[in-house]
Structure formats: C-alpha cells, structure tokens
Amino acid sequence: MGKHRLKPTKKFLIKGPYARGGTYVNRLKNKSGQKIPTAGFYAEAGFGGVSAESDIFDVTVKGPNAFVEAEANDDRVTAMVKTEVASVSASAGPIQAKAGLNANAAISAEASDDRVTAMAKAEVASFSASAGPIQAKAGLEVNAGISAEVKHDRVSAMAKAEVVSFSASVGPIQAKTGLEVNAAVSAKASDDGVAVIAKAEVVSVSANAGPLEAKLGIAVDTGISAGADGVEVKFLGTGLKLGPTTEVSVFGNSISFSFSKLSRFF
C-alpha cells in the first residue's frame, strides 16, 4: 500500500465593503422580568477584510468599520458608537489573540419616579488573548457614572470614575490594575436595618478568586450600618464587616470573603 500524506485544507475569503442599517419600534426588551417596548435605530459600515483558514490555524485581517445605535423606552435612553481602524486576529485550537486599534463609546441615562442615573464609557483596546480558561486584555478603558436615589426609607448619591489598563482571568480568578475613584453618601432607615455611610476610595489593584476578594488602594470610608446583610463599622477606611460577606479593611486596603459566593463557587 502506498503512503498518503494528509494535506491541510486551506480557504481564503475576501469580504468587500458593506453598509446596512434600520429602525425598530416596539421591540420588547427584558428589564426586571418585564417586557419593555423599545424604539431605536442602528447603522454600520466598513470593509469586511481578508481571512485565511487551515486545519491548524485561522487568521483574519479587518479594515475600517463603524457601528452606531440609539434606543429609547419609557424611562431610559442609550447611545453607542463603535469604530475600528484595523485589527488582526488569529486562532489555533483553544488559543486566540487579537491586536488592533478601536475606539468604543457609550452613554446612557435613566430616570424613574425615585432614581436618576447617567453613565458613560469609552474604550481603546490594543491587545487581547485567550487560551482556554486564561484571558488577558491590555488597553485603555474609561468608565464614569453618577446616580441619585430618593425613597421613603433611603437617600443616596454616588459618583464613580475608573481607568483600567490591564485585566486578566484564569477561570474564576480575576485581576485588574488601573485607577478607580469612588465617592458615595447614603442614609437608610427601614424594617430590615439602618445605615449612615460616606465613602471616598481610590483603588489601584483588585483581585478575586471565587468568594475571596482583595483590594489595594486608599480609602477614608466612615460610617455604621446594621441590617440583613450584616453589621459594619468603619472609620477613615479602617474597620470590620460581619455578615454574609465578611471584610477586614485597613486604610482602604481590604480583604473580604463572601459566603453566598462560596456555595456557587463549588
């Protein structure tokens, strides 16, 4: 019998320019178990790119492309823009990698009878890679948000700004480096507890593994709370929380353990 050599199959695909868009009215969107009628529009255009496939690996090169979408319902308005100058992605079995230049931005605002929220997000990602459960991403991501809530038993306000430059995960273990600034004040008095807390926090490194979480940074949180989620006492970022989530903090550096996540983790 003669020998037969296995030749890997190869496939080259070129996708040209494209443009499409449309509008929609009364599209039902889930929100807290409800179907909310939503209206909006979308549009996208770009160059599909070139891809090469074989039995061993796939490579795709994409040209410029853009996507924009806006929608609204009774209490929420959102808008999103995604643009990509160019990108190269490759995969070989479970290993995937992507490098490129893109700029994504999104903004949303929501108003109801007792709550007002506004959020903005911008992202420039230059590299991402994954190999099975291992994932890594390097780039620049900026998030900002503000919210205020007034109820019969609670008054709260919160502002948040975050800059993330690197994040990685291995299965349930996650790590993130960057700059995160949080400020909040809240007061609550109801049947299930009382709380008066003021927070100011700067976090540079955070990591979690299932129910265990750790943060490194600076905080001057001050307050006291007691209720169904436990008892917490903190002064200038140093204190203790006992409950379903138990936490020890020293000047904003904290380590916590969530018993509720423990059951899901296993």
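In case you missed it, the structure is sitting above this.
Enquirer: I'd love a proper account of the overall build of the chain, names of residues and values included.
Expert: Secondary structure assignment for the chain yields one helix and 17 strands. Over its C-alpha trace the chain gives a radius of gyration of 24 Å, far above what one expects of a compact globule, namely 18 Å for 266 residues. In terms of overall dimensions, the chain has C-alpha extents of about 80 × 50 × 30 Å along its principal axes. With 266 residues in all, the chain has 23% of them scored as buried. When contacts within the chain are restricted to residue pairs at least 6 apart in sequence, those whose partners lie at least 24 apart make up 43%. Surface accessibility of the chain: about 17000 Å² in total, with carbon and sulfur atoms responsible for 67%. Put simply, the chain has 29 plus and 26 minus side-chain charges, and the middle of one group is 10 Å from the middle of the other.

Enquirer: Go over the side chain of Glu84 with me, naming the residues and quoting the values.
Expert: Note that Glu84 resides in strand 5 (residues 76-92). Classification of Glu84 as buried rests on a relative accessible area of 10%. Residues contacting Glu84, with those up to four places away along its chain left out, are Lys62, Gly63, Pro64, Asn65, Lys98, Leu101 and Asn102.

Enquirer: Got a sec to walk through the pattern of salt bridges? Specific residues and values, please.
Expert: Close approach of charged atoms lets side chains of opposite charge pair. Following the criterion strictly, the structure yields twelve salt bridges and no others. Across the pair Lys234 and Glu247 runs a salt bridge, and its minimum N-O distance is 3.4 Å. Of this pair, Lys234 sits in strand 14 (residues 230-235) while Glu247 sits in strand 16 (residues 245-250); the two residues are 13 residues apart in sequence, bridging distant segments of the chain. Grouping residues by exposure puts Lys234 and Glu247 together as buried. Residues participating in the shared-partner salt-bridge network are Lys121, Glu123, Lys137 and Glu141.

Enquirer: Explain a nonpolar patch on the surface to me, using residue names and the numbers behind them.
Expert: A cluster of nonpolar residues, Val85, Leu101, Val124, Leu140, Val142, Val163, Leu179, Val181, Val202 and Ile218, forms a patch on the protein surface that exposes about 780 Å² of accessible area. Those elements that provide at least two residues to the nonpolar patch are strand 8 (134-151) and strand 10 (173-190). Structurally, the position occupied by Ile218 is in strand 12 (residues 212-219).

Reading the values: the criteria
Residues numbered from 1 in each chain as written. Predicted model: local features only at pLDDT ≥ 70, side-chain atom pairs only at ≥ 80, totals over all residues. Heavy atoms only, no water. Helix = DSSP H or I, 4+ residues; strand = E, 2+ residues; numbered from the N terminus. Rg over C-alpha atoms; globule rule 2.2 N^0.38 Å. Buried < 20%, exposed > 50% of the residue type's maximum accessible area, 1.4 Å probe, protein only. Contact = heavy atoms within 4.5 Å. Areas by Shrake-Rupley, 256 points an atom, 1.4 Å probe, with all protein chains shown as cover. Lys, Arg positive; Asp, Glu negative; His and termini not counted. Charge placed at Lys NZ, Arg CZ, Asp CG, Glu CD. Salt bridge = Lys/Arg side-chain N within 4 Å of Asp/Glu carboxyl O. Patch = residues over 30% accessible without salt bridge, like charges linked within 9 Å, V, L, I, M, F, W, Y side chains within 5 Å.

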